[in-house]
Amino acid sequence: MSKTKGYAAMTSKAPLAPYTFERREPREHDIVIDIKYCGICHSDIHQVRDGWSDYLEESIFPMVPGHEIAGVVSAVGGKVSKYKVGDKVGVGCFVDSCRTCTSCKSGLEQYCLVHTSWTYNARDNEGVPTYGGYSDKIVVDENYALRMPENLPLDACAPLLCAGITLYSPLRHWHAGPGKHVAIVGLGGLGHMGVKLAHALGAKVSVLSQSLKKEADAKRLGADHFYATADPETFTQLKGSFDLIVNTVSAQMDWNQYLNLLKVDGTMVVVGLPEKNIPVGAFALTAGRRSLAGSAIGGIRETQEMLDFCGKHGVTSDIEIVPIQKVNEAYERVLKSDVRYRFVIDMASL
Ligand code: NAP
Ligand code: ZN
Ligand code: ZN
């Protein structure tokens, strides 16, 4: 076992504070990663505050959050073949899965039918609690690590490991590209990656945000149009406009209103994970043969494809670097939709 320094919430809703814990000794296929940067995802806040208690079997405290982990390999197990010491690597939302079910076999480890070991607030295949990336190192099987783009800054690539793949996967699955009009709802960490990626894929992109405050930013990120949802006129004007809506909103909202903005045969994909159920009316779907779908991150293969795509197209996250001592303040700003557009912790501050 090796001592690891990090920040944890000791109990539900407690502020994050310094915490020391143990990581396993590297096994044959493990790599040890010296963590340089970790993004702050809204999911970290939901979980630290036990906001998903209606859906999760358990929340495990002390909780070390963080699943947008970027760093450098510092040691490798005897049978590691994919990485060597010094490689720039990343870890996203999961660190293991059953490896044998149909989902795992088809590269959809996030939908493992047996057990996905999430990067934190979960248990590994042996039942040991997992601890995330707000820490100085992590030990992970080489098959669950990713290779970071060589040509892009590591700090601005950390958010690709959750925010990036969470948008890339549905945009690809529902064929965002030339001739398609895509709406991104909510311009936060996920949303701003959605704008950049949908634009890079060649789609026409509209942003639906609560106010007009982020309009200039959205246009710079690649949006063609921008609308404020506080203005009721938006929902009249845009009726039947979109082939695809990707909804990244973290809070309760009326999904029916947004379904009405789809073209015939359009799809709204929910990626935001509000803490309570949201009712959907049958008429919002039957009118226009519309679909309501959901999507969770992406598998290892697709996450690597997304990182390579970002390397090729020069896509990174717009980040605000924070020292780990400011993590609780950063959380408050995320909750106020006041982040431009992802906080990334500089682990040198630990
Ligand atoms: P974020 O940075 O806080 O962005 C969420 C955005 O939603 C905000 O910037 C805001 O955009 C909008 N919003 C917030 N409160 C709202 C409200 N009351 N009404 C309408 N719009 C509101 O969060 P994030 O890190 O992008 O994560 C977003 C959600 O996705 C979270 O629930 C997170 O847990 C979930 N998530 C899901 C997956 C997945 O695999 N499915 C992966 C990662 C995260 P505007 O300022 O533009 O209105
Ligand atoms: Zn996340
Ligand atoms: Zn599986």
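The rules behind the values
- Residue positions are given per chain, counted from 1 along the sequence in the order it is written.
- Chains and ligands are labelled by the order in which they are written, letters from A for the one and numbers from 1 for the other.
- In view of the model being predicted, local features appear only for residues whose pLDDT reaches at least 70, and side-chain atom pairs are presented and counted only at 80 or more, with totals across whole chains, interfaces and linings using the full set of residues.
- Values shown for side chains rest on all heavy atoms present in the structure; no hydrogens or waters enter the calculation.
- Because water is not among the atoms used, a metal site may look incomplete, as its donors are only the N, O and S atoms within 2.8 Å, or 3.2 Å for Na, K and Ca.
- In short, tetrahedral needs four donors with all angles between 85 and 135 degrees, square planar needs four and octahedral six donors with opposite donors over 155 degrees apart and all other angles between 65 and 115, and whatever is left is irregular.
- Comment: elements are numbered from the N terminus, with helices defined as DSSP H or I runs of at least four residues and strands as E runs of at least two.
- The buried label applies to any residue whose accessible area, calculated with a 1.4 Å probe on protein chains only, is under 20% of its type's maximum; exposed applies above 50%, and partly exposed to all values in between.
- The term polar contact refers here to a pair of N or O atoms within 3.5 Å; inside protein, the definition further demands a hydrogen-donor-capable atom paired with an acceptor-capable atom, and it admits residues adjacent in sequence only when both atoms are side-chain atoms.
- Contacts were defined at the residue level, with two residues in contact if any of their heavy atoms lie within 4.5 Å.
- By disulfide we mean two sulfur atoms from cysteines, separated by a distance within 2.5 Å.
- For helices, the axis comes from a line fit to the C-alpha atoms of the stretch in contact; other axes are also lines fit to C-alpha atoms, and the angle between any two N-to-C directions lies between 0 and 180 degrees.
- Throughout, the term roughly parallel applies to angles under 35 degrees, roughly antiparallel to angles over 145, roughly perpendicular to angles from 65 to 115, and oblique to all others.
- Near residues are defined by distance, with any heavy atom within 4 Å of the molecule or strand qualifying the residue.
- All accessible areas in this document rest on Shrake-Rupley with a 1.4 Å probe, and a residue is counted as covered only by the protein chains that are shown.
- The classification used treats Ala, Val, Leu, Ile, Met, Phe, Trp, Tyr, Cys and Pro as nonpolar, Asp, Glu, Lys and Arg as charged, and all other residues, Gly among them, as polar.
- Given the number of residues in a helix, its expected span is that number minus one, multiplied by 1.5 Å.

**Some points on the coordination of the zinc ion (ligand 3)**
Around the zinc ion (ligand 3), the protein contributes the donor atoms Cys 98 (SG), Cys 101 (SG), Cys 104 (SG) and Cys 112 (SG), which lie 2.3 to 2.4 Å from the metal centre. For the zinc ion (ligand 3), the 4 donor atoms in the first shell make angles of 103 to 116° at the metal, so the coordination geometry reads as tetrahedral.

**Comments concerning the side chain of Ser 317**
Within the secondary structure layout, Ser 317 lies in the loop between helix 10 (300-313) and strand 16 (319-323). Accessibility expressed as a relative area gives 3% for Ser 317, which makes it buried. A polar side-chain atom of Ser 317 sits 3.2 Å from a polar atom in the side chain of His 192. Apart from residues lying up to four places away in sequence, Ser 317 is in contact with Ala 156, Pro 159, His 192, Met 193, Lys 196 and Arg 342.

**Structural notes on the state of the cysteines**
By definition, a disulfide links two cysteine residues through a covalent bond between their sulfur atoms. Within the structure shown, the criterion is met by 0 disulfides. In this model Cys 93 remains outside any disulfide bridge; the closest cysteine sulfur is found in Cys 162, 3.7 Å from its own. Here Cys 162 falls in the buried class, since its relative accessible area comes to 5%.

**Comments concerning the packing of helix 4 (residues 163-173) against helix 10**
Close contact between helix 4 and helix 10 brings their axes to 10 Å; oriented N to C, the two are set at 100°. Classified by the interaxial angle, the pair formed by helix 4 and helix 10 is roughly perpendicular. Every residue of helix 10 that contacts helix 4 at Gly 164, Ile 165, Tyr 168, Ser 169 and Arg 172 is listed here: Glu 302, Thr 303, Glu 305, Met 306 and Phe 309.

**Structural notes on the coordination of the zinc ion (ligand 2)**
Tetrahedral metal sites with four donors have an ideal angle of 109.5 degrees; octahedral sites with six donors have ideal angles of 90 or 180 degrees. Note on the zinc ion (ligand 2): its protein donors are Cys 41 (SG), His 67 (NE2) and Cys 162 (SG). The metal-donor distances range over 2.0 to 2.3 Å. With relative accessibility at 7%, the residue His 67 sits in the buried group.

**A short note on the environment of Gly 202**
Assignment of secondary structure puts Gly 202 in the loop between helix 5 (189-200) and strand 11 (204-209). Overall, Gly 202 belongs to the partly exposed group, its relative accessible area being 36%. Not counting residues within four places of it along the chain, the set of residues in contact with Gly 202 comprises Gly 177 and Pro 178.

**Focus: the site of ligand 1**
Neighbouring ligand 1 are 28 residues, the closest being His 42, Leu 187, Ser 209, Lys 214 and Arg 342. One of the side-chain nitrogen or oxygen atoms of Lys 214 is found 2.6 Å away from an oxygen atom of ligand 1. When isolated, ligand 1 has an accessible area of 920 Å², and the protein chains bury 89% of it. Contributions of two or more residues to the shell around ligand 1 are made by helix 1 (42-48) and helix 5. Ranked by residue count, the leading element in the shell around ligand 1 is helix 1, at 3 residues. Across the shell around ligand 1, the residue classes break down as 12 nonpolar, 14 polar and 2 charged.

**Side note on helix 4**
For helix 4, the buried fraction is high: 9 of the 11 residues fall into the buried class. Within helix 4, burial applies to Ala 163, Gly 164, Ile 165, Thr 166, Leu 167, Tyr 168, Ser 169, Pro 170 and Leu 171. Looking one or two residues beyond helix 4, the residue adopting positive phi is His 175, at roughly 60°.

**A look at helix 10**
Its 14 residues place the ends of helix 10 20 Å apart at the C-alpha level, agreeing with the 20 Å of an ideal helix rising 1.5 Å per residue. All of the buried residues in helix 10 are Ile 300, Glu 302, Thr 303, Gln 304, Met 306, Leu 307, Phe 309, Cys 310 and Gly 311. The inward-facing, buried residues of helix 10 contact strand 6 (94-96), strand 9 (146-147), helix 4 and helix 5.

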